[in-house]
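Here are the chains, one letter per residue:
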Amino acid sequence: MRVELRIGEVAVPVELNGSAAARALAAQLPQALSMSASSVGCCGQLPFSLPHDAADVHPGWSDGDLNYKPEGDWLALFFDDERNSARYGGQVTLGHAAGPLEALRGLTGTVDVRIERTERR
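One structure accompanies this document, and this report is about it. (Residues numbered from 1 in each chain as written. Predicted model: local features only at pLDDT ≥ 70, side-chain atom pairs only at ≥ 80, totals over all residues. Heavy atoms only, no water.)

### A few points about the overall build of the protein chain
Scanning the protein chain for helices and strands turns up one helix and nine strands. In the protein chain, the order of α-helices and β-strands from amino to carboxyl end is β-β-α-β-β-β-β-β-β-β. In terms of overall size, the protein chain behaves like a compact globule, its C-alpha atoms giving a radius of gyration of 13 Å where 121 residues would be expected to give roughly 14 Å. Oriented by its inertia axes, the alpha-carbon framework of the protein chain measures out at about 35 × 35 × 25 Å. Each of the 121 residues in the protein chain was classed as buried or not, and the buried ones make up 45%. Relative to all contacts within the protein chain whose residues are 6 or more apart in sequence, the contacts with residues 24 or more apart total 70%. Put simply, the protein chain shows about 6,100 Å² of open surface, and 48% of that area lies on carbon and sulfur atoms. Charge separation in the protein chain, taken as the distance between the mean sites of 11 positive and 16 negative side-chain charges, equals 4 Å. (Helix = DSSP H or I, 4+ residues; strand = E, 2+ residues; numbered from the N terminus. Rg over C-alpha atoms; globule rule 2.2 N^0.38 Å. Buried < 20%, exposed > 50% of the residue type's maximum accessible area, 1.4 Å probe, protein only. Contact = heavy atoms within 4.5 Å. Areas by Shrake-Rupley, 256 points an atom, 1.4 Å probe, with all protein chains shown as cover. Lys, Arg positive; Asp, Glu negative; His and termini not counted. Charge placed at Lys NZ, Arg CZ, Asp CG, Glu CD.)

### As for the layout of surface pockets
Considering only enclosed or pocket space, the largest pocket measures out at about 210 Å³ in volume. Surrounding the largest pocket, 16 residues form its lining, Cys43, Trp61, Ala76, Phe78 and Gln91 being those nearest its centre. Those elements that place two or more of their residues in the lining of the largest pocket are strand E4 (41-45), strand E6 (65-69) and strand E7 (74-78). Here the residues of the lining of the largest pocket sort into nine nonpolar, six polar and one charged. (1 Å grid on protein atoms, 1.4 Å probe; cavity = no way out; pocket = protein on both sides within 12 Å on 5 of 7 lines; lining within 4 Å. Points joined across faces, edges and corners; volume = space filled by probe spheres on them. Nonpolar A, V, L, I, M, F, W, Y, C, P; charged D, E, K, R; others polar.)

### A closer look at the pairing of E4
Pairing geometry for strand E3 (residues 31-37) and E4, over two bridges, is antiparallel. Across the sheet, Ala37 pairs through a bridge with Cys42, a residue of E4. Counted between consecutive antiparallel strands, the loop separating E3 from E4 contains three residues. Two elements, E4 and E7, share five bridges in a ladder whose sense is antiparallel. What sits directly across from Gln45, in E7, is Trp74. (Pairing = 2+ DSSP bridges.)

### Observations concerning the pattern of salt bridges
Should their charged atoms come close, side chains of opposite charge can pair. In the structure shown here, the tally under the stated rule is eight salt bridges. For Arg83, the salt bridge goes to Asp80, with nearest N and O atoms at 4.0 Å. The salt bridge involving Glu102 is made with Arg105; its shortest N-O contact spans 3.1 Å. Linked by salt bridges that have partners in common, Asp80, Asp81, Arg83, Arg87, Glu102 and Arg105 make up one network. (Salt bridge = Lys/Arg side-chain N within 4 Å of Asp/Glu carboxyl O.)

In structure tokens:
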């Protein structure tokens, strides 16, 4: 399933994987939340928890990953620093960006984010 994260003025298509957490997120869409932009990604707290399999929890990310951190219900879209990301444990990958992420590098501070489905499967 494909979703779109509209982060400020930037639209990022994301292809969700088939994990339990990704399916649960899709079932809760559309969602609006605030995220903080940093040098490695945009991160915000979901207003709900996502069910996930323990086998899906891992350290780090690949640039472009949409990840969920069960400890605190954090959702993040990462665009940089995968080479150092293994130090951040407890990640569940929900999907991967299907388009360029360069425009996110210019974001700072708190940004409004809307997540919507763009196609159904």
